[in-house]
Amino acid sequence: VLDENAMEIKISLLTARRHEKDFIARKDPKYIKRMDDTLAELNGYVENISAKAKQAHIDSSEVQAITASANLYKNAFANIVEQLSAQGDKDTGIRGAMRKYAHNMETIIKETGHAELMVQYLLLRRHEKDFVLREDQKYIGKANKISDNIKSVIAEFYIDEKYADPIVENTQ
């Protein structure tokens with residue numbers, strides 16, 4: 001019976017890892033529920049082993065360490081879920097907000113009719129997309145430099161404040 005429960009713990013852990021990877025890849029909330037269910041099963045198997053160990057007067061402290069590790073894993077997964085949820089998609093979260101700011105800025109820049117501002121804007125979007133795809137910090141620096149360039153173009157060409165202020169605000 002102990003061997004069966006130990007094997008089920010191993011299977012549950014591998015299944016939990018699969019749910020974690022599926023959630024990260026697909027961002028589908030159904031994997032959160034599956035993860036919770038799988039870890040609950042795992043804890044059930046751990047409790048079975050612990051009970052059998054107590055009946056046989058065997059120290060079960062190592063078995064309890066599995067429960068503690070499973071709880072740490074569950075908390076780490078919850079943190080991943082929270083962070084990915086905060087990122088959002090094209091309409092929600094940080095990504096949705098960034099998209100909204102970018103579209104607002106694009107509309108205003110089109111109204112100015114200023115070609116150099118549009119070039120700088122397109123470069124800014126390029127670095128934003130590179131960062132999202134590659135998650136490389138160097139693109140943040142490049143985007144900040146382009147943001148500074150946009151401010152310089154606004155100052156150099158005396159862009160009307162009714163356009164300049166919202167553009168600068170959207171680059172923050």
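Preceding block: the structure.
Fair warning: this is a prediction, and the values are worked out from it, not measured in the lab.

Further remarks concern the layout of surface pockets. To find the voids left in a structure, one rolls a probe of water-molecule size over its atoms. Considered as a void within the structure, the largest pocket measures approximately 790 Å³ in volume. Looking at the largest pocket, it is lined by 27 residues, and the ones nearest its centre are Met98, Glu128, Lys129, Phe131 and Val132. Broken down by element, the residue count for the lining of the largest pocket peaks at eight residues, all from helix H5 (residues 115-134). Here the residues of the lining of the largest pocket sort into twelve nonpolar, seven polar and eight charged.

A word on the packing of aromatic side chains. Counted under the stated rule, the structure contains one aromatic pair. Plain terms: the ring middles of Phe23 and Phe77 are 5.7 Å apart, the flat faces sit at 70° to each other, and that makes the pair edge-to-face. Of the two residues, Phe23 is situated in helix H1 (residues 2-26) and Phe77 in helix H3 (residues 61-87); the sequence distance between them amounts to 54 residues. No difference in accessibility class separates Phe23 from Phe77, as the two residues are buried.

Turning next to helix H6 (residues 138-156). A rise of 1.5 Å per residue sets the reference length of H6, with its 19 residues, at 27 Å; its end C-alpha atoms lie 27 Å apart and thus fit the reference within 8%. Residues Tyr139, Ala143, Ile146, Ser147, Ile150, Val153 and Ile154 constitute the buried set of H6. What you see down the axis of H6 is that its buried residues fit within an arc of 120°, all on one side. Among the exposed residues of H6, those oriented more than 90 degrees off its buried face are Lys145 and Glu156. Tucked into the core, H6 has its buried residues touching helix H4 (93-112), H5 and helix H7 (161-170). Just past H6, the residue Tyr158 takes up positive phi, approximately 50°.

The rules we used
- Residues numbered from 1 in each chain as written.
- Predicted model: local features only at pLDDT ≥ 70, side-chain atom pairs only at ≥ 80, totals over all residues.
- Heavy atoms only, no water.
- 1 Å grid on protein atoms, 1.4 Å probe; cavity = no way out; pocket = protein on both sides within 12 Å on 5 of 7 lines; lining within 4 Å.
- Points joined across faces, edges and corners; volume = space filled by probe spheres on them.
- Helix = DSSP H or I, 4+ residues; strand = E, 2+ residues; numbered from the N terminus.
- Nonpolar A, V, L, I, M, F, W, Y, C, P; charged D, E, K, R; others polar.
- Phe/Tyr/Trp six-rings, centres within 6.5 Å; stacked < 30°, edge-to-face > 60°.
- Buried < 20%, exposed > 50% of the residue type's maximum accessible area, 1.4 Å probe, protein only.
- Expected span 1.5 Å × (residues − 1).
- Arc of directions from axis to C-beta.
- Contact = heavy atoms within 4.5 Å.

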